[in-house]
Amino acid sequence: SARRLRAGTFLHDCDTTRGASGSAVIRCDDGNGLNCRIVGLHVAAPRGASEVSMARAQYTDDYGNIAVTPRQFITHVQELLAGQPAVLAMDPFADL
């Protein structure tokens, strides 16, 4: 499941591990996996002070993995290509 965090980002409950940043977050609208689309790119997972992913039985609005929408990603790439400074060093958990 996915919940909006703020414009251009959302929380998701896909399983992730270290090094998963940049992975596609895929949504399938049917039960057979034929009607699927990329809805985001995974960018962060809460770890607390640990080096490993935190295991949870359920994800909530207080705890979830973070992804950016494809539109947000493309906007940043276009800004970089146009020579604008990158503003990608945000703290995705600042609003939580």
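In short, a report on the structure. Sequence positions are assigned chain by chain, starting from 1 and proceeding in written order. Where local features are concerned, this predicted model is filtered to residues with pLDDT of at least 70; where side-chain atom pairs are given and counted, the filter is 80 or more; whole-chain, interface and lining totals use all residues. The side-chain figures draw on all heavy atoms in the structure; neither hydrogens nor water molecules are used.

Turning to the state of the cysteines, a few remarks are in order. Among covalent bonds in proteins, the disulfide is the one between the sulfur atoms of two cysteines. Disulfides are defined in this document as cysteine sulfur pairs within 2.5 Å. Applying the stated criterion to the full structure yields one disulfide. Through a disulfide, Cys 28 is tied to Cys 36; the S-S separation comes to 2.0 Å. As the torsion about the S-S bond is roughly 100°, the Cys 28-Cys 36 disulfide counts as right-handed. Classification of Cys 28 as partly exposed rests on a relative accessible area of 38%. We note that Cys 14 lacks a disulfide partner, and the nearest cysteine sulfur, in Cys 28, lies 9.9 Å from it. Relative accessible area decides the class of each residue, using a 1.4 Å probe on protein chains only: under 20% of the type maximum gives buried, over 50% gives exposed, and in between gives partly exposed. A relative accessible area of 31% means that Cys 14 is categorised as partly exposed.

Attention now goes to a nonpolar patch on the surface. Residues Phe 73, Ile 74, Val 77 and Leu 81 make up a contiguous nonpolar surface patch of roughly 390 Å² in combined accessible area. Every helix listed is a DSSP run of H or I at least four residues long, and every strand listed is a run of E at least two residues long, numbered separately from the N terminus. Here Ile 74 shows up in helix α1 (residues 70-81). Nonpolar side chains (Val, Leu, Ile, Met, Phe, Trp, Tyr) are joined into patches within 5 Å and like charges within 9 Å, using only residues with over 30% relative accessible area and no salt bridge. Throughout, the Shrake-Rupley method with a 1.4 Å probe supplies accessible areas, and for residues the shown protein chains are the sole cover considered. Salt bridge, as used here, is a side-chain nitrogen of Lys or Arg placed within 4 Å of a carboxyl oxygen of Asp or Glu.

Turning next to α1. Its twelve residues give α1 an end-to-end C-alpha distance of 16 Å, which sits within 8% of 16 Å, the value for a rise of 1.5 Å per residue. Two residues or fewer after α1 comes Gly 83, characterised by a positive phi angle close to 85°. Every helix has an expected span of 1.5 Å times one less than the residues it contains.

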